[in-house]
Amino acid sequence: MLLNALLVVALSSRSVWARKSEPSLGEGDAGLFRGSDKYDFAVEVPAAGMECFWHFAHQSGSFYLTFMVQWVTGMANNRRLFVTVSSPNGALMASVTEAVGQMNFQTEETGFYRMCLGNHKNQFGGIRVFLNFGVIYEGLEESEGETEEGETVLNSTLTGIEESVQKLQNQIFHMWRHYNFARMSKGKDHHLLLSNFNYVNWWSATQSLVILLSGYLQLRVLKRLFHTDASRPRC
């Protein structure tokens, strides 16, 4: 009985530990990571379908999502996409219905944030979407008791260098976001040019075929007008 009671207490204490939204820096076994992570790739959303992705983020971070519809397939005629971002507990953080959009919000809890792309506007055509999302943490948390009285100058210098490096990283990160958005626009224009080029080629080939076929039919009709029966006597 004593062993069972100890086991129940241990399991209950572990469950309380697992319910914590974010471990503190003082807990070395928690493995808290504070950094910026970002992803960019293209995905195709089928007709009347939905694609969802999950991204892990700590609290007190800046979550961002940028998307752009590059081209459509099939009989799709609407380039707008229904995009939603939900928190780990299922609350809706942001939603938009556009062909190009950006979302930014502060993460209030730690967990996996869900991003869903819905192609509900097109029942008979897919959409290719370029995504760029991630989380950036503006500052680093300092643990208690980090500095001592004898190392005040050294620690203040290191703190200043660390803050400068962090600001530089954030500025580079935002520059990369603007560059990535420009790359999205360039890819969209490239696919639009290819689509127009293929459209012109196929339309020109179709018109040429129609012209040749109509000329052949006209020639056949004219030949039938001047056709004579060899069995009948001539005047």
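Predicted model, so just to flag it, every value in this text is computed and none were measured.

### Overview of the side chain of S87
Here comes step 1: As for its placement among the helices and strands, S87 is situated in the loop between strand 4 (81-86) and strand 5 (92-98).
Here comes step 2: Residues within four places of S87 in sequence aside, it is in contact with M93, E109, F112 and Y113.

### Examining unusual backbone geometry
Here comes step 1: A positive phi angle is found at A48, which is not glycine, with a value near 55°.
Here comes step 2: Inspection of the secondary structure puts A48 in the loop between strand 1 (37-45) and strand 2 (50-57).

### Considering the sheet that holds strand 2
Here comes step 1: Read across the open sheet, the 4 strands follow the order 2-7-4-5; overall the sheet is antiparallel. Two strands close off the open sheet at either side, each with one partner strand: strand 2 and strand 5. On average, each strand axis in the sheet is inclined to that of its neighbour by 15°, with strand direction left out of account.
Here comes step 2: As paired strands, strand 2 and strand 7 (residues 111-118) are joined by 8 bridges and run antiparallel to one another. Opposite C52, over in strand 7, you have C116 as the bridge partner.

### So, the pairing of strand 4
Here comes step 1: Taken across its 6 residues, strand 4 has 5 buried, putting it largely inside the fold.
Here comes step 2: Note: strand 4 against strand 5, 6 bridges, orientation antiparallel. Directly across from V83, in strand 5, lies its bridge partner V96.
Here comes step 3: Counting the residues in the hairpin turn of strand 4 and strand 5 gives 5 residues, including G90, whose phi is positive at 95°.

### Re the sheet that holds strand 1
Strands in a sheet are paired, the pairing made by backbone hydrogen bonds, and the direction either parallel or antiparallel.
Here comes step 1: Spatial strand order, 1-8-3-6: 4 strands in an open sheet with antiparallel pairing. Looking along the sheet, the strands with just one partner apiece sit at the ends: strand 1 and strand 6 (100-106). Ignoring which end each strand starts from, the neighbouring axes of this sheet average 15° apart.

### Points about the state of the cysteines
Here comes step 1: By the definition in use, this model includes 1 disulfide.
Here comes step 2: With its sulfur 2.2 Å from that of its partner, C52 forms a disulfide with C116. Disulfide C52 to C116: torsion about the S-S bond roughly 110°, handedness right-handed. With a gap of 64 residues between them, C52 in strand 2 and C116 in strand 7 connect regions that are remote in the sequence.
Here comes step 3: On the basis of relative accessibility, which here comes to 26%, the residue C52 falls in the partly exposed class.
Here comes step 4: The exposure class assigned to C116 is buried, which follows from its relative accessible area of 4%.

### Observations regarding the environment of M50
Here comes step 1: Tracing the sequence through the fold places M50 in strand 2.
Here comes step 2: According to the relative accessible area criterion, M50 is partly exposed, its value standing at 42%.
Here comes step 3: Once the C-alpha coordinates of M50 and N119 are considered, the two residues, 69 residues apart in sequence, prove to be 6.1 Å apart.
Here comes step 4: Not counting the four nearest positions on each side in its chain, M50 is found in contact with V45, C116, L117, G118 and H120.

Definitions and cut-offs
- Residues numbered from 1 in each chain as written.
- Predicted model: local features only at pLDDT ≥ 70, side-chain atom pairs only at ≥ 80, totals over all residues.
- Heavy atoms only, no water.
- Helix = DSSP H or I, 4+ residues; strand = E, 2+ residues; numbered from the N terminus.
- Contact = heavy atoms within 4.5 Å.
- Pairing = 2+ DSSP bridges.
- Axes fitted to C-alpha atoms, helices over the stretch in contact; angles between N-to-C directions.
- Buried < 20%, exposed > 50% of the residue type's maximum accessible area, 1.4 Å probe, protein only.
- Disulfide = S-S within 2.5 Å.

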